[in-house]
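Breakdown of the fold
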Amino acid sequence: HLFYGDDVGNPGTEITFFDWPNVGRNMPGAGEVSAVGFVVPENGALEWWRGRLEAEGVHHTGIERRGNRSVLPFEDREGQRLELIAGSGQEGVGAWRESPVPADMAIRGLAAVTLVVESLEPSAQFLEHALGFTRAGEYRFLDNESRQASIFQVGPGGLGTEVHLEVRPDLPAARQGIGGVHHVAFRAADDERHREWHDRLQRFGVAVTPVIDRYYFRSIYFREPGGVLYEIATDGPGFTGDEDVEHLGERLSLPPFLEPRRNEIESQLEPLPT
């Protein structure tokens, strides 16, 4: 796991990449996470980011309106579909202090994920009844008025709590690969609530994994009816248990059971650009 987040890896700020160099390219379609959105401030940040993306040669489709929000969709160099959404971010999440991006333009955490599914209701009913989401509206895509997405939110609602469902029965099934999304993770505050979610999913007849210890958090995995893989992970213990906050992320961290294999593991990793 290669984690990107805020200074201390607060839950709700992290996007994770896997180093899978021999996997084929992602084939978009139904049954996948089609876009990951991040919050940026409503202070002209999208215009600033448009200029930055253009200076870096990153393909984007321009700033557009979706309902009452401004969105800047773009793709990274592997075809990963990402979005910057202007709005209010999560409480307590600040800008990364060492970032080359000015603090008043910086990303404030995850905003929403968009799923493409073949049929709305199975995935919608699962979000509402099994996971406790509520329907909060819909919007159309500027580039194609026939495309429409429904918004589902949990807890207090707003950016950082949303799953968007776009129905595309015309598409083939997605085939996961480089540039695609493996899964989307939701938060559980602690181990007790995590176990409650595991038991709740079992009562709903969901094929959910046992609790898996990821050292920095504990996880369960299951698929929603449209085929997208979901995870529920605990907020803790977090990323600061084995590293000083001032030097977090400066070296490869391994859980204790992998530490004896450090030389072997490091020899197979590509150096990160500085």
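The structure we're discussing is the one just above.
Cut-offs applied
Residues numbered from 1 in each chain as written. Predicted model: local features only at pLDDT ≥ 70, side-chain atom pairs only at ≥ 80, totals over all residues. Heavy atoms only, no water. Pairing = 2+ DSSP bridges. Helix = DSSP H or I, 4+ residues; strand = E, 2+ residues; numbered from the N terminus. Patch = residues over 30% accessible without salt bridge, like charges linked within 9 Å, V, L, I, M, F, W, Y side chains within 5 Å. Areas by Shrake-Rupley, 256 points an atom, 1.4 Å probe, with all protein chains shown as cover. Salt bridge = Lys/Arg side-chain N within 4 Å of Asp/Glu carboxyl O. Buried < 20%, exposed > 50% of the residue type's maximum accessible area, 1.4 Å probe, protein only. Contact = heavy atoms within 4.5 Å. 1 Å grid on protein atoms, 1.4 Å probe; cavity = no way out; pocket = protein on both sides within 12 Å on 5 of 7 lines; lining within 4 Å. Points joined across faces, edges and corners; volume = space filled by probe spheres on them. Nonpolar A, V, L, I, M, F, W, Y, C, P; charged D, E, K, R; others polar. Axes fitted to C-alpha atoms, helices over the stretch in contact; angles between N-to-C directions.

Some remarks on the pairing of strand β8 (residues 134-141)
Relative to strand β9 (residues 144-153), β8 runs antiparallel, the two being bridged by seven bridges. In the sheet register, G137 faces β9, and the bridge partner there is I151. Taken together, β8 and the strand that follows it, β9, pair antiparallel across an intervening segment of two residues.

What about a nonpolar patch on the surface?
Judged by side-chain polarity, L2, Y4, F17 and L272 come together as a nonpolar surface patch covering roughly 360 Å² of accessible area. Inspection of the secondary structure puts L2 in strand β1 (residues 2-4). Residue class for L2 comes out partly exposed when judged on its relative accessible area of 32%.

Here we look at the environment of I220
Looking at where I220 falls in the secondary structure, it is placed in strand β13 (residues 218-223). For I220, a relative accessible area of 0% gives the class buried. The spatial distance from the C-alpha of I220 to the C-alpha of R262 is 27 Å, given a sequence separation of 42 residues. Excluding anything up to four places from it in sequence, I220 contacts H194, W197, H198, L201, V208, T209, P210, V211, Y230, E231 and I232.

Focus on the pattern of salt bridges
Going through the model one piece at a time under the given rule, you end up with 16 salt bridges. Notably, a salt bridge pairs R135 with E128, separated by 3.2 Å at the nearest N-O pair. In this structure R135 comes out as partly exposed when scored by relative accessible area, which is 39%. A relative accessible area of 22% means that E128 is categorised as partly exposed. Among the salt bridges present, the one from E264 reaches R261, with a minimum N-O distance of 3.1 Å. Via salt bridges that share partners, R147, E166, R168 and D170 belong to a single interconnected network.

Some details on the layout of surface pockets
One number sums up the size of the second largest pocket: a volume of about 470 Å³. Taken together, 23 residues make up the lining of the second largest pocket; nearest its centre are S34, R81, E83, D143 and R147. Of all the elements in the fold, those that place two or more residues in the lining of the second largest pocket are β3 (32-40), β4 (64-66), β5 (69-75), β6 (81-86) and β7 (110-117). Here the residues of the lining of the second largest pocket are counted per class, giving eight nonpolar, five polar and ten charged.

Remarks on the sheet that holds β13
Taken together, the four strands give an open sheet; going across it, the order is β11-β14-β13-β12, and neighbouring strands pair in mixed fashion. Every interior strand has two partners, whereas the edge strands, β11 (184-188) and β12 (212-213), have only one. With five bridges connecting them, β13 and strand β14 (residues 229-234) associate as antiparallel partners. Within β14, the position partnered with Y221 by the bridge is E231. Its contacts with the sheet put helix α3 (residues 191-203) on β11, β13 and β14, and the angle it makes with β13 is roughly 20°.

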